[in-house]
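Structure at a glance
Chain by chain, the residues:
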Amino acid sequence: MTEESDGVVMYWRPGCVFCMNLRLSLFFTRLRYTKRNIWQDKDAAAFVRSVADGNETVPTVTVAGHAMVNPSKRQLLDAVREYAPHLLTS
């Protein structure tokens, strides 16, 4: 299993209030995800631009390869239920 194809990846950057809000809202969900800083990872930044109309809009999240730009907690968890239910803990 790779994080890009089967897991959850959150693309973020330091100082992003929207990223901090999403990370805080996920804190008690126990959802495991990988974080990729687009300011330190050129490939991550290029990926975000490829799914966000050329912009570096964060947070961008992938769930089992399905990308979402600036999702809410509900949208993210709905995507996990649909595409990667094995990641949810009971």
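Predicted model, so just to flag it, every value in this text is computed and none were measured. (Residues numbered from 1 in each chain as written. Predicted model: local features only at pLDDT ≥ 70, side-chain atom pairs only at ≥ 80, totals over all residues. Heavy atoms only, no water.)

1. A few points about the environment of Gly65
Quick note on the threshold: Working definition: helices are DSSP H or I runs of at least four residues, strands are E runs of at least two. Numbering for both runs from the N terminus. Three labels apply to residues, based on accessible area from a 1.4 Å probe with only protein chains included: buried if under 20% of the type maximum, exposed if over 50%, partly exposed otherwise in between.
Within the secondary structure layout, Gly65 lies in the loop between strand E3 (60-63) and strand E4 (66-69). For Gly65, a relative accessible area of 48% gives the class partly exposed. Placed 59 residues apart in sequence, Gly65 and Asp6 show a C-alpha to C-alpha distance of 6.8 Å.

2. Looking at helix H4 (residues 73-83)
Put simply, the rule reads: As used here, the arc belongs to the directions running from the helix axis to the C-beta atoms. Contacts: residue pairs with any heavy atoms within 4.5 Å of one another.
All of the buried residues in H4 are Leu76, Leu77, Ala79 and Val80. Take H4 and look down its axis: the buried residues cluster within an arc of 155°, on one side only. Seen from the open side of H4, the exposed residues pointing more than 90 degrees away from its buried face are Arg74 and Glu82. On its buried side, H4 packs onto strand E1 (8-12), helix H2 (17-26), E3 and E4.

Coordinates in, geometry out; function isn't part of it.
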